[in-house]
Amino acid sequence: MYILLVDDEPLELEQLEYLMKPHFPYWTFLKATDASTALALAQSQKISIAFLDIQMPGKDGLTLGMELKELYELDIIMVTAYQSFEYARQSIRIGVNDYITKPIIEEELIHTLQKYEKWNAKSDAIQQALHVIHERYADKLPLSAVAEKIHLSPTYLSRKFLEEMGLGFADYLNSYRLEMAKRMLINDPEASISAVADHTGFNSQHYFSSLFRKNFGMTPTAYRVQLANDSEVSPV
């Protein structure tokens, strides 16, 4: 399912996705730094949960929330550094489901998201397959190996995976590897791009860099530089 993250600070968006992705690895995260981009994303994909920063330049999170609610039914979680009765009153009026306060604490965030476990429900076969992928994504991991591990035929697992996950096995595996690569790029700034590719299951640096750029619009090196620059300019 699609999760919309909206904040005018790119680093805040990265942190939210970084904290949630390991717990909800098959959620698809869409990110926007302004309301117009967020609305365009919501019109192109059916959003299940939207995380909205209340205080943004231009159109604020409460106004954006109302406009999202006019599109279709979705859950809205406000992310704010402010505790205000007026914000609370307006949030109730537009049907906000939850609040998360900044600075975001992982334990509190995951506790809030536990009520959305209904969207985490998958068949036992897919849960087992996901467990194998998350444990062994860094290895050479063909569909046949996962199918053998969980005692299913490759044909059945392939069909079941596409049916429940909405994308093919190889696409999901690459997507998960890319998310783990993003983590490594952040957590291990001294690691070479080749080392990141190798440690996250890609068989060549060129393929890794090409796929990374296709999915995120920049090379792994540019992504790392952007994060470093964002960190330098962000207020303490």
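Anything mentioned here points back to the structure above.
All residue numbers refer to positions counted from 1 along the written sequence of the respective chain. In keeping with the predicted nature of the model, local features appear solely for residues at pLDDT of at least 70, side-chain atom pairs appear and are counted solely at 80 or more, and the whole-chain, interface and lining totals rest on all residues. Side-chain figures throughout are based on the complete set of non-hydrogen atoms in the structure, without hydrogens or water.

1. As for the overall build of the protein chain
And then number 1: Strands are runs of DSSP state E lasting at least two residues, helices are runs of H or I lasting at least four, and both sets are numbered from the N terminus onward. Scanning the protein chain for helices and strands turns up 12 helices and five strands.
And then number 2: The buried label applies to any residue whose accessible area, calculated with a 1.4 Å probe on protein chains only, is under 20% of its type's maximum; exposed applies above 50%, and partly exposed to all values in between. By the burial criterion, 44% of the 236 residues in the protein chain qualify as buried.
And then number 3: We call two residues in contact whenever any of their non-hydrogen atoms come within 4.5 Å of each other. Across the protein chain, contacts joining residues at least 24 apart in sequence account for 65% of those joining residues at least 6 apart.

2. Observations regarding the sheet that holds strand S2 (residues 28-32)
And then number 1: Two strands pair under a simple rule: DSSP has to find at least two bridges between them. Spatially, the five strands line up as an open sheet ordered S2-S1-S3-S4-S5, and their pairing is parallel. This sheet does not close on itself; its edge strands, each paired only once, are S2 and strand S5 (98-101). Geometrically, the sheet is characterised by an average inter-axis angle of 20 degrees between neighbouring strands, direction not taken into account.
And then number 2: Sheet topology note: the strand S3 (residues 47-53)/strand S4 (residues 75-80) ladder contains five bridges and is parallel. Interaxial angle, 0 to 180 degrees, is taken between N-to-C directions of lines fitted to C-alpha atoms, where a helix line uses only the stretch in contact.

3. Structural notes on unusual backbone geometry
And then number 1: Note that the residue after lysine 102, namely proline 103, is joined by a cis bond; omega there is -5 degrees.
And then number 2: In this structure, proline 103 sits in the loop between S5 and helix H5 (106-113).

What is shown is where atoms sit, not what they do.
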